[in-house]
Structure formats: structure tokens, C-alpha cells
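Chains, contacts and geometry: an overview
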Amino acid sequence: MQAVIQATMEFLKLYWAPLLCGLVIVAVLPLVVGYIVLVERKLMADMQARLGPMRVGPHGLLQPIADAVKLLIKEDIIPDNADKLVFWLAPVLSVGAALLSIAGLAIGPAFQIAKDINIGILFVVGVSAMGIFGIVLGGWASNSHYSLMGSLRSSAQLVSYETAAGMALVSGLLLTGTLNIKAIVEAQSKEGIWFVMLAPVAFFIYLVASIAETNRAPFDLPEAESELVAGYMTEFSGFRWSLYFLAEYTNMIVVSSVATTLFLGGWLRPFADVHLFNFLDYVPPLLMIGVAGYCLSRTPKQPSGVQQIFMLAVASLCFVVALVLVAPVVLPIAKPFYAGIHGGFWFIFKVSAYIYFFMWLRFTIPRYRFDQLMRLGWQFLIPLSIVNVLVVGVALIVSSYFNLHGWAMLLVTTPAAIIALVVALMILAAGQESQAGKENAAASDFYAG
Amino acid sequence: MGAGEFGNRERAVKRVAAEPETEGETTLSSEATTENKTLLGADELIINMGPQHPSTHGVLRVKLKLDGERVIGSECIIGYLHRGVEKIGENRTYQQFAPYVDRMDYVAAVSNGLGYCEAIEKLLVVEAPPRARVIRTILTELQRIASHLLWLGTHALDIGALTPLFYCMREREEILKIFEKYCGARLTTHAFRIGGLQYEAYDTLEKDVERFCKDFESRVAEYETLLTQNRIWIGRTKGVGILTAEDAIAFGVTGPVLRASGVKWDLRKAAPYAAYDQYKFEIPVGTTGDTYDRYLVRMEEMRQSRLICLQAIENIPAGPILAKVGKVLKPPPGEVYHAIEAPKGELGYYVVSDGTVQPYRVRIRPPSFINLQAFDRMVRGHLVADVVAIIGTIDIVLGEVDR
Amino acid sequence: MEDRKQAIVTVERGRLAEIALHLRDDEKFDMLSDLTAVDWPKREKRFDVVLNLYSFTKNERLRVKAWAADGEEVPSLVGVWPVANWLEREAFDMFGIVFAGHPGLTRILLPEEWQGYPLRKDYDILQQDTAWVRENLGIESGQ
């Protein structure tokens, strides 16, 4: 007994920080996801010439809380012949995988739960892929033919695009030589150039594959409402559904973070080591002051006193954040915190931009049909990603032979990217021809993806 | 649990497929009824898209016979919205029946009213005065635009584009405002009367229509940017639901569906009614008869309707708006068949009069009902995901299908 | 015959199919716009089966009528114009006219088990198949 307690104390002394961070994330993430959903709804409304949630709280800002409360108090309906254990397990698996993969991410140089694991990116991608179990088991446990069909389609889609995403990541990783997340960002800092410039085709492939990975439009056929099968989430109501929902948005955050880390420079400021651009350090605080100023200007226009106070609260919150952001730049005593605070800001900014792009795409373009989706994954993205790995590898060899570094590497990687693009166009053209000729295809089994 | 359950599920599925379908079997084509095994030796699956479904545009029930993912047969079961409008027609006077026709194709009520009023005018052998005819034309063309806008929004939504619906509703709102200013109602307008119009055009009608038409050009261009050259849209609609011209004529299909199949026929040109012979407009024709062509035809029709409106408001003749028909309408015994080009197709009224104040028989030839018959022909060989696109592209309104 | 400048032709019920073929092939009336019926209960052959035909090439309409008594079968025109399929089912549904040779003559707008043919003149405007309503909807008719 004593030994057990002592071992626990040892464990806690070593790992109290990651444990605390983990608890904080699990507690805070649902709220964050709720607000991401609100942002999506407001953005969708803006692009559709309407207003979005406006009633719950000023400008709908308390909508996520209302939604959360509603989901928690909803009746938990379990279909009659559903497999009860698996029914309970499926959403838990999805959410568990998604949250666990957050542990490997580094939001700033100082903030990483699973500190400095050698296999950083592999850990994140691999664990988030375990979420597929949750989807398959969810469709299975619902004991509904449509849910099963939807979940099989969804898992086939995820597995197919996992390969393409992985190969795209490999192209990026060739440029660093390590899977360690901190080392990747430091490599970008060392080279002085973000890897998106050096491997744009890889970034593009990863972008498309990550949209398919998270079941977002235009790849959301398995969960679209206007299709015949309503998807694996149909039979889950209330809290279980909110777990799936949480898993989906957390996956979005995870893939955005992976892309940001590998391609967009992680927590680095644009032109991080160039002193000429040091004025960019003032961009974050100015941005927050701008937001605060906008809130202040809208305060008198609010219809009621409560809303005005709320706006003032939001404005002052933004102002405080601006102060926190400007401190490391101006005050010498706060300088050591510069990397942590500004790094955190830039990382969150880039992840937000990536997620904004996801949302923008969702509202703009129609959905792919399932066979078109699979064709895109297998016949276009995977060959392209393999070719890309080849050309990036060759470009790297050439650049190390000539001892090129940093921006000079663009001289070799740009031709490589152009070659990859040409190959892409060739594949597309070949695809069009075969489509035109292939009118009477026999019934194919799309579950064998 | 485990493997046993999966086995049960498979057997359950097979049981559904092997069960003889009593209502439906007889109407599916012979090749489907005799064989129960498909290409791969697997059993066929019969899936029901029930009357309640987000994408069937009303209470339409579609039974699909599937081989894996491909549709090899289908059957539409209608009648969920049957209200006996034709029977009601025999029990109301001619004027009393006019509001009922709005409720059939409730999306394009003005067109229904136009067809009915013109049919009764033919029966009475009277002609509406020129001013009434021009105003009728303007309102009917606006209604055509509104109907096509609704079609575009919902069709795009079915295929997955979430945004065009809201833009289309924004435009449709302007048209409905004009209707409301004119006759007080937005949807079931009862805008016309037998013999002409009841309401005089309100003072700013011409200005409103002109303002709408000016804005509309750029809006249509906006929808086109979103969809026409979009690879995903083309992928979802090109080659889907092809209906050849011979099939279209054989199945009595009319309207944009027929024109997209290559047959250049529009009742506004073939048998002009209202004031259509005074205006210059084109009839868009498609080539292959697939969903993409139907989309293009309807987009072009919206543009042409706008042109008609612009031409019409330039010159609305002065004069009376109602012909002298008297309060009690007693047409001499006889019958008439009058058809107009409604947004959905040829809307025909076959009215038989026996000399009394109530019609003896009012038969409505519903374009959606007849176009829906071609659904089976269009959907064979396609994937389940295309079924929704094809239902959307025929542009049906169940109120008209079922009456 | 002409009525209000629209041509009407009355034909014998038995020869309807061959006349239809002749009209489609020789006279080029390739589209059947509408097929319906009218009930004249005081006449011996109470039903008027009415076809509205249209010719694309000639841009002409023609109405063809055939008289049928209650219980007499009318040849089906599905082989001539496939559009007649649902139109004849509707005529059967509303009037009870049986079309011989139709591939699947069942009710289309009303439920399968409905008794009665609503558009006949002896079917009252407020009449319903109360047994069906009671059985399937669980309510008493007229509510």
C-alpha cells in the first residue's frame, strides 16, 4: 500500500504540469469548440446575407452555452436492438482519440503536454486516426441499416484520405528530417522560411486531405441531411451526439494544428528572425486594440443596457489581452515571456485562419458524390502525393549539394513544385477522358475502400 | 453481440428484399420483377424514401430498387396531398373556384390563375382588355422568375451548396413584395379575375419591376459564378438523369425538362396567350437532356423573363382592366382546353360547361404529375446519391402532382 | 366537330387503340397532352374518355373522345403513348374505368383499398370511404 502511494506521489511530482494542462484542456475545449461553432454559424449567416444567432445573449454570444445545456438535459434515446456496450463506447472512442492527439501538439514553445516526444507528428496523426473506430462502431451499434452504410462510407473516406495526408506530411518532413514538433518549428525558424513556400503542393494536398479527414464539406456526404442515409450519428442524441460533435471539431483543430506546425511556421511570427520586420511584433496588440475599439464603437448602438455592459466587457477583455501581448515587446522584464505569449498568439491565429478556410469552403461549394470523392482520393491525391515526395526529395538533394539554405532553397523547390503541378494536370486530364468513356461501369462495391 | 448479430443483420436485410412487394411490383418494369438476384448474385434491396424526407420537395414517396449502389428500378407513390380539387370544381361557381387553383402549384400561383382565367374566358368567348393582358404578362413572368429561383435554391441545397438558397430567397422576396403590393397576398395570390383584373396596377408597379429587373441581371450572374463553372457542380449534374428527346415526347414531358432534351417548344411562342406575341424573347434549348442542361435552361429562362418584363413595362396600354362579363357567369354549354406555359411545363385546363353557374367538369393537366412519370426513366442506372438530384431537377410541386 | 375553335373527334371505343396508332404515326400527333374522363350519368354510355393530342410538326391540337358504359373496358394506350400510364391510372382511380392491357392498373392518388370512385356524379362532395378512414386513420369521417 505504502509503495503504491509513494509511486503515485513520485508520478505526480514529475508530471503534475502535463496532468494539469490536460485537465484544463479537457475542461476548456468543449467551450472553445462551442464558440467555434458559433463563429461558424455567424460566418455562414454572413455569407448567406442573414444574421445568424442573435437572440441568446448579445449578438448570440451565449448561444453555445444554451446549446450545451440543451444537449445535456436531452433524453438519452437508445435504439431497441442496439448493442448497449458498443453504443456507449463509440462516441467515447471518437472523443478520446481526438483529445488524446491534442496532447502531442505544441501551441507555443512552452506549451506542450507530451513534451518533446521523438515521434511528435506521427503520434498526433496516428492517435487521431483511431477516431475512425468510433465512427465504425457508432454506425454498427445503432442497429440501423442506414447508419451502418453511412459509417462504412465515412470510414472508407477517412482511410483513403489518411494515406494522401500522410504522404503530404512526409514531403514536409523531408525538409526537417525529424518528427519532433518543436524541432520542426525550429527548423523553419532556422531556415527563415515557412515550409509552405518550399512545398506548396504538399500543403495543398494536406489541405484537401484534411477536409476529407474531418468529414467537412465538400466531403460530408456521409453526414449530409439531404442524402438517403443520414449518417452514423443518427441514433445518438443528447450528450452522446455532443461527444461526436466535439470529436469532429477537435479533429478540425488537430489537423489545423498539424498543418500549421509543419507548413505554416507553427508559432513563428512572419519573418521571425529578420529584424527589419520587428514592427510585426506590434501587429497582435494592435489587432486586439482594433477589436476592442470596434466593440467600444458599437456599444452605444446596442439596444439595451445589459447588452451595452456586455460589449464594454468584451472590449475591456480585448484591451487586457492587447496589454498582455504588448508587454513582452516593450517591457524588458517581460521579454522572456515573448516566445510563449506571442508564439501562442500566432499559432492560434494561423489555426484560426485554416479553420476559417474550412468554413468558407463549406458554405461555398456543393458536395461531392461518394464515388467522385473516392476517385479524387485514390486516383488523384495519392499519386500526386507520391510524385510530390519524389520531387521534393530530389530538390532537397540538389539543394544540399549546392549548399543552399533558407530562401535560396526556393530556387530548387519551385521547379519541383511546378513539375508536381504538371503531373497533377496530366492526371486530371487522363481522369476526364476515362470518365467520358466509362459510362456503363458494373455495380461496384464502395465499401471496399 | 459480435458476429452473430452481424449475421442477423444480413439475414434481416435479405428478408426485406425477398419479400414480395404487393403494391409496387406490378408497376416496375418486367426485367426487375422476374429476377430477384442481381449481377453479383446478391439480393436486391428495396429502399424507401418516405413521404417525409428533406429532399423530396413535398410528400413524395419513392421506392428504389437497388443493386449495391445503383438504382435498377423505381416507383413513385403519390397521392399524399390529394385534396380532390377537380371534384370541388364541380361544386363551386366559376369565380368561386378561382382561389382553389392557386393552391395546386403553390409556388407559382399566379400562373395557375392565369391559365384558369384564360380558359374560362375562352369558354365565355370573351377577351380580356389589352391593359389587363399586359399586366397579366408582367406578373406571370415575375412569377416564373420566382418559381425558378425557388427551384434553384432548393436544388442547389440538395446537392450540397448551402448558400445559393439564401441568395435566391433574397431575390424572391422582392418579387413577393411586388405581389403583396399588387393584390395583398404573397403566395396564393388570386391575382386575376375572369375577364381581366380586379385590381388596377398600383402607382409604382412599373418602377418596382424596373428596379427589380435592373438588379436581377447581376444577381443571376452571381448565381452563375457560384455554380455554372464549379467542378463539383458539373460533376454532380453532368450526365445525370439523361432524358432523350424521343423519351421526353413519348412521356408527355413539357416545360424546361423538354427544352433541355433538345425540343424547342414553348407555348408562349407556339400558341401565344396573354400578351406574349408582342414581345421578343428567346427560348433556351439544351442538348443532352441531363441535369446540367436543365439547370442552364432554367437560368436562361430567368434572364428571358426579365427581358419580357422590361419590354412590357415600357408600354402598358391604358384602358379598362375588366371585360364586360357580368356578375353571374353562365357559359353556353360546351368545352374548352386551354394550356399555358407554366414554370413547370404545360399547364392545361379542360373545362366542360353545361350552361349552369357551376362547371360540369374541371380537369387540370398538371405538368409536375406528367413530368414525374419520366422519373423512372431518368433514374435507372444512377447511384443513390443522384436520386435526390434528379427529383430536384424535374422541379415538382406535390400540390400540383396530387391536386 | 368544333367547339370554340377547337377540333373534337368522337370515335368508337373498340377501335380506340388502332385510331390512336394511326393518329400518332400517320397524322403525327406525337404527344398525348392529357387523358381524362367526364361522367354523364344520364347518358347510356356514361363516360366520355377524352384525349387531348398535340402535334409538334403541325402545331395542332386535337381532342378525341370515346364513349364507354359503366363496366365496359377501354383499350389502354400505354403502348402508343407511354405517358398514358399514370393518366389512365388516374382515370381508373377517379371514375372506375378499366383500361384493358394496362401494365399495372391500380389506384394512384387515393389509397389502394379505397372504395368508390370520387369523380362520378353519384359520389357526393362530402362522401368518404368511412370504413377505410376508420380503419387506417382511427377517426370518424367528417371531422
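In this text the structure is predicted, and so the values were computed from the model without any measurement.

**Remarks on unusual backbone geometry**
Residue and element names in this part refer to chain B. In this structure, His-190 is a non-glycine residue whose phi angle is positive, near 45 degrees. With respect to the helices and strands, His-190 occurs in the loop between α7 (164-183) and β4 (192-193). The residue Asp-395 is not glycine, and still its phi comes out positive at about 60 degrees. Examined against the element boundaries, Asp-395 turns out to sit in the loop between α16 (384-394) and α17 (398-402). Taking relative accessible area as the criterion, Asp-395 reaches 8% and is therefore assigned buried.

**Overview of the interface of chain B and chain C**
With 47 residues of chain B in contact, the opposing surface of chain C contributes 47 residues. Each partner contributes to the roughly 3,800 Å² buried at the junction of chain B and chain C, and carbon and sulfur atoms together form 57% of this total. If you sort the residues of chain B by the area they bury against chain C, B:Lys87, B:Glu335 and B:Tyr360 come out on top, with a joint share of 18%. Its salt-bridge partner being C:Lys121, residue B:Glu90 comes within 3.0 Å of it at the nearest N-O pair.

**Brief notes about helix α7 (residues 181-191) of chain A**
Residue and element names in this part refer to chain A. By the criterion of burial, α7 is predominantly enclosed, with 8 of the 11 residues buried. Residues Ile-181, Lys-182, Ile-184, Val-185, Ala-187, Gln-188, Ser-189 and Glu-191 constitute the buried set of α7. Check the buried side of α7 and you find it contacts α4 (120-129), α6 (145-174), α8 (195-198) and α10 (239-262). N-capping of α7 is provided by Asn-180, with a side-chain oxygen placed 3.2 Å from the backbone N of Lys-182. At the C-terminal side of α7, Gly-192 shows a positive phi close to 80 degrees.

**Observations concerning the confidence of the model for chain B**
Reading predicted coordinates in detail is not appropriate for stretches of low pLDDT. Put simply, chain B has an average pLDDT of 83, and 89% of its residues get 70 or more. Here residues 1-38 of chain B scores under 50 on pLDDT; set against residues more than four positions off or in separate chains, the count is 52 contacts.

**Re the domain arrangement of chain B**
Residue and element names in this part refer to chain B. What the domain assignment reports for chain B is domain 1 (5-77) and domain 2 (85-402). Together domain 1 and domain 2 conceal approximately 1,600 Å² of surface at their shared face, both sides included; 62% is due to carbon and sulfur atoms. At the boundary of domain 1 with domain 2, the tally comes to 0 salt bridges. The interface formed by domain 1 and domain 2 includes 5 residue pairs in polar contact (both at pLDDT 80 or more). Sorting the residues of the side of domain 1 that touches domain 2 by element identifies β2 (61-67) and β3 (70-77) as the ones contributing at least two each. For the side of domain 1 that touches domain 2, the leading source of residues is β3, giving 6 residues. Its residues placed into classes, the side of domain 1 that touches domain 2 shows 9 nonpolar, 7 polar and 3 charged.

**Comments concerning the packing of helix α1 (residues 2-47) of chain A against helix α2 (residues 63-73) of chain A**
All names here are of chain A. Close contact between α1 and α2 brings their axes to 9 Å; oriented N to C, the two are set at 120 degrees. Taken together, the axes of α1 and α2 lie oblique to each other. For the crossing formed where α1 meets α2, the hand is right-handed. Contact residues: Gly-34, Tyr-35, Leu-38 and Arg-41 in α1; Gln-63, Pro-64, Ile-65 and Asp-67 in α2. Residue composition of the contact of α1 with α2, by class: 4 nonpolar, 2 polar and 2 charged.

**Some thoughts on the pairing of strand β6 (residues 334-342) of chain B**
Residues and elements named next belong to chain B. Burial of β6 is extensive: 9 of the 9 residues sit out of reach of the surface. Summarising the sheet, β6 and strand β7 (residues 345-353) pair through 9 bridges and their orientation is antiparallel. The partner of His-338 across the bridge, within β7, is Tyr-349. Between β6 and β7, which pair antiparallel one after the other, the connecting turn spans 2 residues.

**Details of the pairing of β3(B)**
Within a regular strand, side chains alternate between the sheet's two faces. Residue and element names in this part refer to chain B. Of all the 8 residues making up β3, 6 are buried; the element is thus mostly covered by neighbouring parts of the structure. Note that β2 and β3 share 7 bridges and pair antiparallel. Across the sheet, Lys-63 pairs through a bridge with Glu-75, a residue of β3. In this antiparallel pair of consecutive strands, β2 and β3, the connection spans 2 residues, and Gly-68 shows a positive phi of 70 degrees.

**Quick look at a nonpolar patch on the surface**
Residues and elements named next belong to chain A. On the surface, a cluster of nonpolar side chains totalling about 920 Å² of accessible area is made up of Phe-279, Tyr-282, Leu-286, Ile-289, Phe-319, Leu-323, Val-330, Leu-331 and Ile-333. At the level of secondary structure, the elements contributing two or more residues to the nonpolar patch comprise α11 (283-298) and α12 (305-330). Looking at which element gives the most residues to the nonpolar patch, the answer is α12, with 3 residues. Inspection of the secondary structure puts Ile-333 in the loop between α12 and α13 (338-364).

**As for the sheet that holds β2(B)**
Residue and element names in this part refer to chain B. With respect to topology, 3 strands assemble into an open sheet ordered β1-β2-β3, the strand pairing being antiparallel. The open sheet terminates on both sides in strands that have one partner only, identified here as β1 (45-49) and β3. Averaged over all pairs of adjacent strands, the angle between strand axes in this sheet comes to 20 degrees, irrespective of strand direction.

**Digging into the sheet that holds β7(B)**
Residues and elements named next belong to chain B. Spatial ordering of the open sheet is given by β6-β7-β8, a layout of 3 strands whose pairing is antiparallel. Because the sheet does not close on itself, it has two edges, and the strands there are β6 and β8 (361-365). Averaged over all pairs of adjacent strands, the angle between strand axes in this sheet comes to 15 degrees, irrespective of strand direction. Contacts from helix α5 (residues 109-124) reach β6 and β7 within the one sheet, and its direction differs from that of β6 by about 150 degrees.

**So, the packing of aromatic side chains**
One pass over the structure, following the stated rule, counts 34 aromatic pairs over all chains. Here the aromatic rings of B:Phe97 and B:Tyr116 are separated by 5.4 Å at their centres, their planes lie at 70 degrees, and the arrangement is edge-to-face. Here B:Tyr116 lies in helix α5 and B:Phe97 lies in helix α4 (residues 94-102), a separation of 19 residues in the sequence. On the accessibility criterion, B:Tyr116 (1% relative accessible area) is buried. Seen from their ring centres, B:Tyr182 and B:Tyr199 are 6.2 Å apart, and the 85 degrees between their planes marks the pair as edge-to-face. Here B:Tyr182 is found in helix α7, whereas its partner B:Tyr199 is found in the loop between β5 (196-197) and α8 (205-227), with 17 residues between them in sequence. B:Tyr199 gets classed as partly exposed once you look at its relative accessible area, which sits at 32%. Here the aromatic cluster, defined as three or more aromatic residues joined through ring pairs, consists of A:Phe203, A:Tyr206, A:Phe263, A:Tyr354 and A:Phe358. Positioned above the aromatic ring of B:Phe281, the side-chain terminus of B:Lys269 is 4.2 Å from the ring centre. Lying across the ring of B:Trp151, B:Arg298 places its NZ or CZ 4.5 Å from the centre.

**Quick notes on the pattern of salt bridges**
Residues and elements named next belong to chain B. All chains considered together, the criterion is met by 55 salt bridges over all chains. In this structure, the salt-bridge partner of Arg-186 is Glu-173, at a minimum N-O distance of 2.9 Å. Taken together, the residues Arg-186 in the loop between α7 and β4 and Glu-173 in helix α7 connect sequence positions 13 residues apart. For Arg-186, a relative accessible area of 32% gives the class partly exposed.

**Notes on the side chain of C:Asp34**
As for its placement among the helices and strands, C:Asp34 is situated in strand β3 (residues 31-39). Accessibility expressed as a relative area gives 0% for C:Asp34, which makes it buried. A distance of 2.7 Å separates polar atoms of two side chains, one belonging to C:Asp34 and the other to B:Arg363.

Conventions adopted
Residues numbered from 1 in each chain as written. Chains lettered and ligands numbered in written order. Predicted model: local features only at pLDDT ≥ 70, side-chain atom pairs only at ≥ 80, totals over all residues. Heavy atoms only, no water. Helix = DSSP H or I, 4+ residues; strand = E, 2+ residues; numbered from the N terminus. Buried < 20%, exposed > 50% of the residue type's maximum accessible area, 1.4 Å probe, protein only. Contact = heavy atoms within 4.5 Å. Buried area = accessible area lost by both parts, 1.4 Å probe. Salt bridge = Lys/Arg side-chain N within 4 Å of Asp/Glu carboxyl O. Polar contact = N/O pair within 3.5 Å; in protein donor to acceptor, adjacent residues only side chain to side chain. pLDDT = per-residue confidence, 0-100. Domains from an automatic or database assignment. Nonpolar A, V, L, I, M, F, W, Y, C, P; charged D, E, K, R; others polar. Axes fitted to C-alpha atoms, helices over the stretch in contact; angles between N-to-C directions. Parallel < 35°, antiparallel > 145°, perpendicular 65-115°, else oblique. Left-handed = near helix turned anticlockwise from the far one by under 90°. Pairing = 2+ DSSP bridges. Patch = residues over 30% accessible without salt bridge, like charges linked within 9 Å, V, L, I, M, F, W, Y side chains within 5 Å. Areas by Shrake-Rupley, 256 points an atom, 1.4 Å probe, with all protein chains shown as cover. Phe/Tyr/Trp six-rings, centres within 6.5 Å; stacked < 30°, edge-to-face > 60°. Lys NZ or Arg CZ within 6 Å of the ring centre and 35° of its normal.

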